[in-house]
Amino acid sequence: MHYATFNHVWASLLLEELYRWGLREVVVAPGSRSTPLTMAASEHAGLRCHTHFDERGLGFMALGLARGAQQPVAVITTSGTAVANLYPAVVEAALLGVPLVILSADRPIELLDNGSNQAIDQRDIFARHTVAHHDLPTPSREIPAAYLLSTIDQTMARQHRLPGPVHFNCRYREPLYPSGPPVEASDYLAPLSRWQHSHAPWSAWQTAPAPLPVAWPAAFTRQRGVIVVGRIDDPQQAAPIAALAEQLGWPLLADLQSQLHGDPRHLVHMDLALQDPQVSAELGRANVLLQFGGRLISKRLTQMIASHPWQQAWLVDPLPQRLDPDFTLTQRLVCTPAEAIATLPAGPAQPPWHTLARLQQRTRQGIERYTAEFSELGVCHQLAQLARGALFVGNSLPARLMNMLGSTRSTPLRVMANRGASGIDGLLASAYGLACTTDEPTTVILGDTSALHDLNSLALLARAQAPLVVVVLNNDGGSIFHMLPVPDEGDLLERYYRQPHGLAFEHAARMFHLNYAAPTTLAAFGEAYTQALEAGVTLIEVTVPHQQATDALQALGAWLREAGHAS
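Residues numbered from 1 in each chain as written. Predicted model: local features only at pLDDT ≥ 70, side-chain atom pairs only at ≥ 80, totals over all residues. Heavy atoms only, no water.

**Comments concerning the overall build of the protein chain**
Here is step 1 of the chain: Looking only at helices and strands, the protein chain features 24 helices and 19 strands.
Here is step 2 of the chain: A compact globule built from 567 residues should have a C-alpha radius of gyration of about 24 Å, and the protein chain, at 26 Å, falls within 12% of that.
Here is step 3 of the chain: With the C-alpha coordinates aligned to their principal axes, the bounding extent of the protein chain is approximately 85 × 60 × 45 Å.
Here is step 4 of the chain: Counting over 567 residues, the protein chain shows a buried share of 56%.
Here is step 5 of the chain: For the protein chain, the exposed surface amounts to about 23500 Å²; the carbon and sulfur share of it is 53%.
Here is step 6 of the chain: Here the protein chain carries 39 positive and 49 negative side-chain charges, and the mean point of each set is 6 Å from the other. (Helix = DSSP H or I, 4+ residues; strand = E, 2+ residues; numbered from the N terminus. Rg over C-alpha atoms; globule rule 2.2 N^0.38 Å. Buried < 20%, exposed > 50% of the residue type's maximum accessible area, 1.4 Å probe, protein only. Areas by Shrake-Rupley, 256 points an atom, 1.4 Å probe, with all protein chains shown as cover. Lys, Arg positive; Asp, Glu negative; His and termini not counted. Charge placed at Lys NZ, Arg CZ, Asp CG, Glu CD.)

Given below as structure tokens:
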């Protein structure tokens, strides 16, 4: 019942109530105004605290932690621009439905708009990118403690219904640090006797499950359907989907983020195979689309979905978002895949209605032909087969290549990517957050520009408890723009889009005490990567010509189209 200041009373109540709602991880940036929150978090026996000096990286570390652990994660920052640095991570969390809890310290209201130091208007700073926000009053004995607890309950219950980030702006007057005699708070906390003698939140919020539509089980009887799987973070949610595809005899087209990309029932090379006219024609015989999870990486697949005249198009995803960029859907189920599939009647496996597995053998031949040399394609193809544990894939070119390539695997691989806003910020920090949730090795593959963008987060990696491997594809700038219809008159493409930098990462690895390798052959890459999986943190730099990947993909596409027409 004794606290350093009355601010600490409220901070302790806040963290304890969040703990009762499932919070176990807290990430903390240094700061003075946030001292009550920092002390309360560090003193709570049930919370594990992580630190980082860069708030932007801190936010993305929390994002990776929350996705890996499938639990809410709190972010503590001081006031001012420290809070604004969380904006990119909050945006990504909003789009992916990740339960971040932002705890921003702030000045009291009388210190705003009068020239006080480090004081900005933090009210609703994240605008429409949070599912709930509260500008909490300055702690006061005049405000019942139950007000604070019930406000947290209301907010966390809303986060359960509408997954995404929430924001508590916490205003603290000085004193912020322990000084003088401790504050005695037994009288103030006396009305919380029931709460103090329990482990439950102050007020329980419950939501009744919504029934699934009656037409759901009958929609797939004797139909030629396709199962497409987008982003699914939880492998346990993905497993029933592959079994359903086998039961129905429908082709399974699984995105890199689906946790099914290496499943032997998945048509791994469908993104590239869609360039084969015979594959496209066979897939065109389908009349029902059943999609689990949104945000597909493959542009060819999304274009096929948008242009095909489906009789029915269903999407199952627990996020209450449209997730229908081309307005194709006829039915939208807001629930988990496991909840939806559990309502379908069990039955014997049906024979496939298609010959896509046979037709895709030609695609596999082309891929083996164009990934045999040391290149971005060759490295990504090999990495998809060698990776163990968890794989975090950067945006831009790496996500597209890893989605196209690879093969079926005998061991599962957990794969994640920040494909909400698909930005290149915070990728190293997100990968580190994911690594904190597993005892298995973690690999992150990203481009050179993305690595430069998050260079500060290399400081986090040396703390990893299990092997962590960073594969940097260094093609000297944003070579993804070679694959886009960017105007190339004069130096427009080079100077304003690709922006070559001429930098390498060996000294960065040394600065942050990481092991370093720079292989120049596929065999050397495989050896360096296999060694890196055994211990420590290693940065592997793959230096390739900037035009190489584009040329190889164009050549492979031409080969597939010609082979399809010739057969």
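**Let's talk about the sheet that holds strand 19 (residues 537–543)**
Here is step 1 of the chain: Taken together, the six strands give an open sheet; going across it, the order is 15-14-16-17-19-18, and neighbouring strands pair in parallel fashion. The open sheet has two edge strands with one neighbour each: strand 15 (414–416) and strand 18 (515–517). Taken over all neighbouring pairs, the strand axes of this sheet differ in orientation by 20 degrees on average, direction set aside. (Pairing = 2+ DSSP bridges. Axes fitted to C-alpha atoms, helices over the stretch in contact; angles between N-to-C directions.)

**Some thoughts on helix 1 (residues 6–20)**
One turn of the α-helix equals 3.6 residues, which is why residues spaced by three or four share an orientation.
Here is step 1 of the chain: The end-to-end C-alpha distance of helix 1, which contains 15 residues, comes to 22 Å, matching closely the 21 Å that a straight helix rising 1.5 Å per residue would cover.
Here is step 2 of the chain: Judged by how many residues are buried, helix 1 sits mostly within the fold: 13 of 15 residues are covered.
Here is step 3 of the chain: N-cap assignment for helix 1: the residue whose side-chain oxygen lies 3.2 Å from the backbone N of asparagine 7 is threonine 5.
Here is step 4 of the chain: Directly after helix 1, the chain includes glycine 22, whose backbone phi takes a positive value near 105 degrees. (Expected span 1.5 Å × (residues − 1). Polar contact = N/O pair within 3.5 Å; in protein donor to acceptor, adjacent residues only side chain to side chain.)

**Overview of helix 13 (residues 299–307)**
Here is step 1 of the chain: Listed as buried for helix 13 are Leu301, Met304 and Ile305. All buried residues of helix 13 project into a common sector of 100 degrees when viewed along the axis, lining one side. Away from its buried face, by an angle of more than 90 degrees, helix 13 presents the exposed residues Lys299 and Ser307.
Here is step 2 of the chain: Its side-chain oxygen placed 3.5 Å from the backbone nitrogen of arginine 300, serine 298 serves as the N-cap of helix 13. (Arc of directions from axis to C-beta.)

**Digging into the pairing of strand 14 (residues 390–393)**
Along any regular strand, the residues point their side chains to alternate faces of the sheet.
Here is step 1 of the chain: What you see with strand 14 is no split at all: Ala390 and Phe392 on one side and Leu391 and Val393 on the other are buried throughout.
Here is step 2 of the chain: Across three bridges, strand 14 lies against strand 15 in parallel orientation. Across the sheet, the residue bridging to phenylalanine 392 is methionine 416, located in strand 15.
Here is step 3 of the chain: Where the polypeptide runs from strand 14 across helix 17 (residues 397–404) and back to strand 15, its parallel neighbour, the crossover connection is right-handed.
Here is step 4 of the chain: In the sheet, strand 14 pairs with strand 16 (residues 442–447) via four bridges, with the strands oriented parallel. Its bridge partner being in strand 16, valine 393 is matched across the sheet by isoleucine 445. (Right-handed = clockwise from strand over helix to strand, strands pointing away.)

**Here we look at unusual backbone geometry**
Here is step 1 of the chain: Going from glutamate 174 to proline 175, the amide bond is cis rather than trans, its omega being 10 degrees.
Here is step 2 of the chain: As for its placement among the helices and strands, proline 175 is situated in the loop between strand 7 (166–171) and strand 8 (183–184).
Here is step 3 of the chain: Phi at aspartate 113 takes a positive value of approximately 60 degrees, unusual for a residue other than glycine.
Here is step 4 of the chain: Relative to the helices and strands, aspartate 113 resides in the loop between strand 5 (100–106) and strand 6 (132–136).
Here is step 5 of the chain: Even without glycine at this site, phenylalanine 327 takes up a positive phi of about 55 degrees.
Here is step 6 of the chain: Within the element layout of this structure, phenylalanine 327 appears in the loop between strand 12 (312–316) and strand 13 (331–333).

**Some remarks on the pattern of salt bridges**
Here is step 1 of the chain: According to the stated counting rule, one finds 17 salt bridges in the structure shown.
Here is step 2 of the chain: The shortest N-O distance in the salt bridge between glutamate 246 and arginine 265 comes to 3.4 Å. Note that glutamate 246 is positioned in helix 10 (residues 235–248) and arginine 265 in the loop between strand 10 (252–254) and helix 11 (270–273), a separation of 19 residues in sequence. (Salt bridge = Lys/Arg side-chain N within 4 Å of Asp/Glu carboxyl O.)

**Focus on the environment of methionine 61**
Here is step 1 of the chain: Structurally, methionine 61 is set in helix 3 (residues 55–69).
Here is step 2 of the chain: Sequence separation of methionine 61 and serine 457 is 396 residues, and the distance between their C-alpha atoms is 8.9 Å.
Here is step 3 of the chain: Excluding residues within four positions of it along the chain, methionine 61 makes contact with Val27, His50, Thr51, His52, Ala429, Ser430, Tyr432, Gly433 and Leu460. (Contact = heavy atoms within 4.5 Å.)

**Side note on the side chain of histidine 261**
Here is step 1 of the chain: Along the chain, histidine 261 falls in the loop between strand 10 and helix 11.
Here is step 2 of the chain: Separated by 3.1 Å, the side chain of histidine 261 and the backbone oxygen of asparagine 403 make a polar contact.
Here is step 3 of the chain: In contact with histidine 261, other than residues within four places in its own chain, are Ala254, Asp255, Leu256, His266, Val268, Met402, Asn403 and Leu405.

**Remarks on the sheet that holds strand 12**
By definition, the strands of a sheet pair up through backbone hydrogen bonds, in either a parallel or an antiparallel sense.
Here is step 1 of the chain: Taken together, the five strands give an open sheet; going across it, the order is 10-9-11-12-13, and neighbouring strands pair in parallel fashion. The sheet is open, and its two borders are formed by strand 10 and strand 13, each paired with just one other strand. In this sheet, adjacent strand axes meet at a mean angle of 15 degrees when their direction is disregarded.
Here is step 2 of the chain: Sitting on the sheet, helix 10 is in contact with strand 9 (225–229), strand 10 and strand 11 (288–292), with an inclination near 170 degrees to strand 9.

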